[in-house]
Amino acid sequence: MSDHASNDINDHTSSHARDEKHAEVEVKIIRGNEAFNEAMLKEPPRPFTLATAQLYFACFIGFFCATMNGYDGSLINNLLENPWFLEFYHGENAGIWAGIITSMYQIGGVVSLPFIGPASDTFGRRFGMWIASLLIIVGTLIQGLATRENGTKQFMGGRFLLGFGVNIASAAGPMYVVEVSHPAYRGVVTAIFNCFWFTGSILASGVARGGLNIGGNTSWRLIVWIQLLFSCLIFIAAYFLPESPRWLYVNNKHEQSKAMLTKYHGEGNPESEWVKLQLNEYEELLEMDGADKRWWDYSALFKNKSTCYRLFCNVSISIFGQWAGNAVLSYFLSKVLETVGIHSTIGQANVILINNCQQFVFALIGANLVDRVGRRPLLLFSNVGCCLVWLAITVSTALYQQSIPPLPPGADPKTKLVGTNKGAGTASLAFIFIFGAVFSVGFTPLQALYPVEVLSFEMRAKGMGFSGFAVAAAGLLNQFAWPVSLQKIGWKTYIIFTAWCGIQAAVVYFFIPETKNRTLEELDEIFSAKNPVKASIAKKRLGFDAYGEVVNIEEVQA
């Protein structure tokens, strides 16, 4: 046989061997990005190592941003049911006075809008949390030192500064957590972030319940001063946390970015699939001279159809989380409980505490489902569920109110009468708890996760500023409209929530895309698509070779 013929045979054999090595040996049907799924197959991440434990601890500090928010959300509710607080400031738990006291927090949030982006873009995500905690410390001091002589003015000033600081923290916290988390666990970890709202809420309710046993002004001042706890922890710990690798990369600190990814995402291996995947995507998709470098430049939010759609999704979910009716049950639950016959201060405090505890449990269940079930199904479940529960609350509360006897002639108009339909009152209370469970499974974990992950890095800080503005603006309606509505038309207020939750469910179904099984940078392909919702839920057939490399990608028709 000639040398030429021998070489042809060898080349053919070598080529055949290569073809066999790269032949399709495994097939998977996936939703999500193929590069992400390939990394999951080639290097399955380990959830419990020393590096991941350190990263979880860093995220845990970030969670305290949500704890601060939850504490204040429950704080005002508990203060409005404290008789010594109301007597000290000559106030009441409904009407204009209650609306003004609570709205100062929202106004502070609105005013903070121009400062949210620069706080986290200029010096890093850690600095955003640090400066926010400093503002909260100062606001707590102003609020806690308010005297009777200064009336409500100093107290409202403290709440204004608290709202300012908490709004910055509410943007900086989830940004930090979502950007430092391992891509495989980003959904669950960031979803848990907002569940920590309830750790603050439960603490505030527990302290308020204990304070009622003490009595006097100490009972409500104690609630105010404990606000310092979590803000001081963040203030001290922020300096020692790892910085966001994305922030490091776009600020020309590439080696530090790679070192962070290697240590916390690659288990010390710079050639890790997860390190290479993210660095390649940073290089390809992150803007090195984007609008995030200019504090005054908001053009990144509106520069094309894709960015506008991202902002729409961000703001929609932020507002929906405020307008599902949960604000009434968070800020004015004491007034709601009066409509179902629970008038005693101790009784209301017990209900608030129990409700917060059960909501925390259901929020954690929801956080565990964000990557298994997906974001869209959870949002649809909560919106449809809230619609049905509000309908049930409306009917049962109406029946209870109809059973309340008329006020006797000459009686004090402030006399609180009890209805005779105990079954309707009990049903209303049960549905309040059911609402908390349904809302918490879907909305609570996604209120922080979804708005922050749908934004690109260039948009993220300023976009979260818009998200904070949307929450604060929506909150202003909650603070001014609903206390007056409860005072004037009572249970009929719940009809509005029933209809609105149905509208929210329709918007989610038609316009809100799925985001699971992708890195943050891989979400670009969804929002660049002609139909983002359809692109986000499309299935793909991936063919893998013997080495775990993707060798074939096909769209799967629905």
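Above this note sits the structure.
No experiment lies behind these values; they were computed from the predicted model shown.

Student: I'd like to hear about the overall build of the chain, residue by residue, with values.
Tutor: Across its full length, the chain holds 25 helices and three strands. Scored against the burial criterion, the 558 residues of the chain give a buried share of 56%. Counting only contacts in the chain whose residues sit at least 6 apart along the sequence, the fraction spanning at least 24 positions is 80%. Accessible area of the chain: about 22500 Å², with a carbon and sulfur share of 64%.

Student: Explain empty space enclosed by the protein residue by residue, including any values.
Tutor: Applying the stated criterion to the full structure yields three cavities of 30 Å³ or more. Here the largest cavity is characterised by a volume of approximately 810 Å³. If you trace the largest cavity, you find 43 residues lining it, with Asn69, Trp197, Gln322, Gln447 and Val471 closest to the centre.

Student: Tell me about the packing of aromatic side chains, and please be specific about residues and values.
Tutor: What the rule picks out here adds up to 34 aromatic pairs. Taking 5.3 Å as the distance between ring centres and 55 degrees as the angle between the ring planes, the aromatic pair formed by Phe88 and Trp220 counts as tilted. Linking Phe88 in helix H4 (residues 83-88) with Trp220 in helix H11 (residues 218-225), this pair joins segments that are 132 residues apart in sequence. Classification of Phe88 as buried rests on a relative accessible area of 6%. Residue class for Trp220 comes out buried when judged on its relative accessible area of 1%. Relative to Phe510, the ring of Tyr509 lies with its centre 5.0 Å away and its plane at 90 degrees, an arrangement referred to as edge-to-face. Three or more aromatic residues link up through ring pairs in this structure, and these residues are Phe60, Phe63, Phe64, Phe193, Phe196 and Phe230.

Student: Lay out the packing of helix H9 (residues 186-195) against helix H21 (residues 422-453) in plain terms, naming residues and giving numbers.
Tutor: Axes are the key here: two packed helices are described by the angle between their axes and the distance separating the axes. It is at 6 Å that the axes of H9 and H21 come closest, and there the two elements cross at 125 degrees. On the basis of their axis angle, the class for H9 and H21 is oblique. Helix-helix and strand crossings are classified by hand; for H9 and H21 the assignment is right-handed. Counted together, Arg186, Gly187, Thr190, Ala191, Phe193, Asn194 and Cys195 of H9 and Thr444, Pro445, Gln447, Ala448, Leu449, Val452 and Glu453 of H21 form the full contact between these two elements. Tallied by class, residues from the contact of H9 with H21 come to seven nonpolar, five polar and two charged.

Student: Describe a nonpolar patch on the surface, naming the residues involved and giving the relevant values.
Tutor: Where nonpolar side chains cluster on the molecular surface, the patch consists of Phe312, Tyr509, Phe510 and Phe511 and spans about 440 Å² of accessible area. Considering each element in turn, the nonpolar patch owes the most residues, three residues, to helix H23 (residues 493-511). Counting through the fold element by element, Phe312 comes out in helix H16 (residues 305-323).

Student: A description of the nonpolar core should follow, citing residues and the corresponding values.
Tutor: Within the largest apolar cluster, 112 residues are counted, with the highest numbers of intra-cluster contacts made by Trp390 and Phe435. Trp390 has contacts with Ala324, Gly325, Leu329, Phe435, Tyr494, Phe497, Thr498 and Cys501, leaving out every residue within four places of it along the chain. Counting residues in each nonpolar core, the second largest holds 22 residues, with Phe155, Val207, Ala208 and Trp220 among its members.

Student: Give a description of unusual backbone geometry that names residues and reports values.
Tutor: Even without being glycine, Asn252 reaches a positive phi, approximately 60 degrees. For Asn252, the location among the structural elements is in the loop between helix H13 (245-250) and helix H14 (254-264). Residue Asn252 is classed as exposed on the basis of its relative accessible area, which comes to 60%. Even without being a glycine, Glu267 presents a positive backbone phi close to 55 degrees. For Glu267, the position within the fold is in the loop between H14 and helix H15 (273-285).

Student: For the layout of surface pockets, give the residues involved together with the corresponding values.
Tutor: Rolled over the atoms, a probe with the dimensions of a water molecule shows which regions are left empty. In this structure, the second largest pocket spans a volume of roughly 320 Å³. Lining the second largest pocket are 19 residues; nearest its centre among them are Leu285, Arg310, Ser456, Glu458 and Asp524. Only H16 and helix H22 (457-488) provide two or more residues apiece to the lining of the second largest pocket. Top contributing element to the lining of the second largest pocket by residue count: H22, with four residues. Split into classes, the residues belonging to the lining of the second largest pocket amount to seven nonpolar, five polar and seven charged.

Rules used throughout
- Residues numbered from 1 in each chain as written.
- Predicted model: local features only at pLDDT ≥ 70, side-chain atom pairs only at ≥ 80, totals over all residues.
- Heavy atoms only, no water.
- Helix = DSSP H or I, 4+ residues; strand = E, 2+ residues; numbered from the N terminus.
- Buried < 20%, exposed > 50% of the residue type's maximum accessible area, 1.4 Å probe, protein only.
- Contact = heavy atoms within 4.5 Å.
- Areas by Shrake-Rupley, 256 points an atom, 1.4 Å probe, with all protein chains shown as cover.
- 1 Å grid on protein atoms, 1.4 Å probe; cavity = no way out; pocket = protein on both sides within 12 Å on 5 of 7 lines; lining within 4 Å.
- Points joined across faces, edges and corners; volume = space filled by probe spheres on them.
- Phe/Tyr/Trp six-rings, centres within 6.5 Å; stacked < 30°, edge-to-face > 60°.
- Axes fitted to C-alpha atoms, helices over the stretch in contact; angles between N-to-C directions.
- Parallel < 35°, antiparallel > 145°, perpendicular 65-115°, else oblique.
- Left-handed = near helix turned anticlockwise from the far one by under 90°.
- Nonpolar A, V, L, I, M, F, W, Y, C, P; charged D, E, K, R; others polar.
- Patch = residues over 30% accessible without salt bridge, like charges linked within 9 Å, V, L, I, M, F, W, Y side chains within 5 Å.
- Salt bridge = Lys/Arg side-chain N within 4 Å of Asp/Glu carboxyl O.
- Core = buried A, V, L, I, M, F, W, Y, C linked by side-chain atoms within 4.5 Å.

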